[in-house]
Amino acid sequence: MRARVILKGLALILSLALLGYLFNASDLGSSVNEAWIDARVRGHGVNGALLFLLMGGVFTAIGLPRQVIAFLGGYAFSVWLGMLLGALAALLGCMLSFAYARFFGKGFLRARLGERAGRFDRFIHGHPFSMTVLIRLLPVGSNLLTNLAAGISSIRPVHFFAGTLLGYLPQTLVFALVGSGVHIAPMLKLTLAIALFLVSMALGVYLYRRRRGGEALDESLE
């Protein structure tokens, strides 16, 4: 069993290193932009939407900002469709990194993350769905590290994925609105985006105070 855990851990480290190398070598991050959306997604119907979901899922699964995907979703589609597809793409990325950690690294990473993984378990214990929503509402910590920590925790996937999707929606709407081509004055659009962001933050703080009182959120999600 110990040899199996070590082999899984080595596979996890090597595969992550390979993904990072391929990502840097391909310059994917800088190539996925409005020009790419114009060429590959806009005007391509269902095929374009599916490509956007796949690209967004891979993009966020390896740790790149889901807000960029939301922005591009608003740019490629309408605000509401862009929000929906952006949130689903980020959820797909969450599922991929969660499954990756749960399959490859549960024993190996838990042994090395130690108290950090324990803090995550304590934070979501008792209210896994609502605490996941809270984590996603507040821009605290790394999205990828949260997914990996959840993968090696005791949380049930259905609670984590459902809470993630719901918690993603407010910020996804903010960035889809900013990226959209709706005919709103730029300053008004920016003001609406900031207002929506502040509302989502206020909701997150309210939920946090109700659920966790004085526990330090940044330490729980470090």
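Now for a look at the structure at hand. (Residues numbered from 1 in each chain as written. Predicted model: local features only at pLDDT ≥ 70, side-chain atom pairs only at ≥ 80, totals over all residues. Heavy atoms only, no water.)

Section: the overall build of the chain
How we decide: Starting at the N terminus, helices and strands are each numbered in turn, a helix being any DSSP run of H or I of at least four residues and a strand any DSSP run of E of at least two. Under the scheme applied here, a residue whose accessible area is under 20% of the maximum for its type counts as buried, over 50% as exposed, and between as partly exposed, the area being computed with a 1.4 Å probe on protein chains only. Only heavy atoms enter the contact rule, under which two residues are in contact if any of them lie within 4.5 Å.
Helix and strand content of the chain: twelve helices and zero strands. The linear arrangement of helices and strands in the chain, starting from the amino end, is α-α-α-α-α-α-α-α-α-α-α-α. Evaluated residue by residue, the chain yields a buried proportion of 41% over its 222 residues. Taking contacts inside the chain between residues at least 6 apart in sequence as the whole, the part at least 24 apart equals 78%.

Topic: the environment of S154
Along the chain, S154 turns up in the loop between α9 (143-151) and α10 (157-179). A C-alpha to C-alpha distance of 9.9 Å links S154 and R102, two positions 52 residues apart in sequence.

Quick look at the nonpolar core
Cut-off, in case you're wondering: Remark: nonpolar core denotes a set of buried residues (Ala, Val, Leu, Ile, Met, Phe, Trp, Tyr, Cys) joined through side-chain atoms within 4.5 Å.
Counting residues in hydrophobic clusters, the biggest one holds 17 residues, and the most contacted among them are F120, I124 and F160. Within the residue set of this core, elements represented by two or more residues are α6 (79-113), α7 (115-124), α8 (128-137), α9 and α10. Of all the elements, α6 adds the most residues to this core, at four residues. Within the second largest apolar cluster, 14 residues are counted, among which are A49, L53, F59 and Y75.

Structural notes on the packing of helix α5 (residues 66-76) against α10
Convention followed: In this description, a line fitted to the C-alpha atoms serves as the axis of each element, helices being fitted only across the stretch in contact, and the angle between N-to-C directions of two axes falls anywhere from 0 to 180 degrees. Here roughly perpendicular refers to angles of 65 to 115 degrees, roughly parallel to angles under 35, roughly antiparallel to angles over 145, and oblique to all remaining angles. Take the far helix as your reference; a near helix turned counterclockwise from it by less than a right angle gives a left-handed crossing, and one turned clockwise gives a right-handed crossing. Residues are grouped as follows: Ala, Val, Leu, Ile, Met, Phe, Trp, Tyr, Cys and Pro are nonpolar; Asp, Glu, Lys and Arg are charged; all remaining types, including Gly, are polar.
It is the contact of α5 with α10, at a shortest axis distance of 7 Å, that shows an interaxial angle of 50 degrees. On the basis of their axis angle, the class for α5 and α10 is oblique. The handedness of the crossing between α5 and α10 comes out as right-handed. In this structure, α5 uses R66, Q67, A70, F71, G74 and Y75 to contact α10, whose residues at the interface are Y168, Q171, T172, F175, A176, V178 and G179. A breakdown of the residues in the contact of α5 with α10 according to their chemical character gives seven nonpolar, five polar and one charged.

Here's the deal with the pattern of salt bridges
Applicable threshold: Salt bridges are counted wherever a side-chain nitrogen of Lys or Arg sits within 4 Å of a carboxyl oxygen of Asp or Glu.
By the definition in use, this model includes one salt bridge. Ionic pairing is found between R42 and D38, a salt bridge with its closest N-O pair at 3.3 Å.

So, the side chain of R66
Short version of the rule: In protein, a polar contact requires one atom able to donate a hydrogen and another able to accept it; more generally it is a pair of N or O atoms within 3.5 Å, and residues adjacent in sequence count only if both atoms are side-chain atoms.
Take R66: it is sitting in helix α5. Reaching out from R66, the side chain makes a polar contact with the backbone oxygen of R136 at a distance of 3.5 Å.

Details of the packing of aromatic side chains
The criterion, for reference: Any pair of Phe, Tyr and Trp rings, taking the six-membered ring for Trp, is counted once the centres come within 6.5 Å. Such a pair is stacked with planes under 30 degrees apart, edge-to-face with planes over 60 apart, and tilted for the rest.
In the structure shown here, the tally under the stated rule is four aromatic pairs. When the ring of F98 is compared with that of F161, the centres are 5.1 Å apart and the planes differ by 70 degrees; the resulting orientation is edge-to-face. Here F161 lies in helix α10 and F98 lies in helix α6, a separation of 63 residues in the sequence. Exposure remark for F161: the relative accessible area of 17% places this residue in the buried category. Measuring from ring centre to ring centre gives 6.1 Å for F160 and F161, while their planes differ by 55 degrees; the resulting arrangement is tilted. This pair shows no difference in class: F160 is buried, exactly as F161 is. An aromatic cluster of three or more residues is present, and its members are F98, F160 and F161.

No statement about biological role is implied by the geometric values presented.
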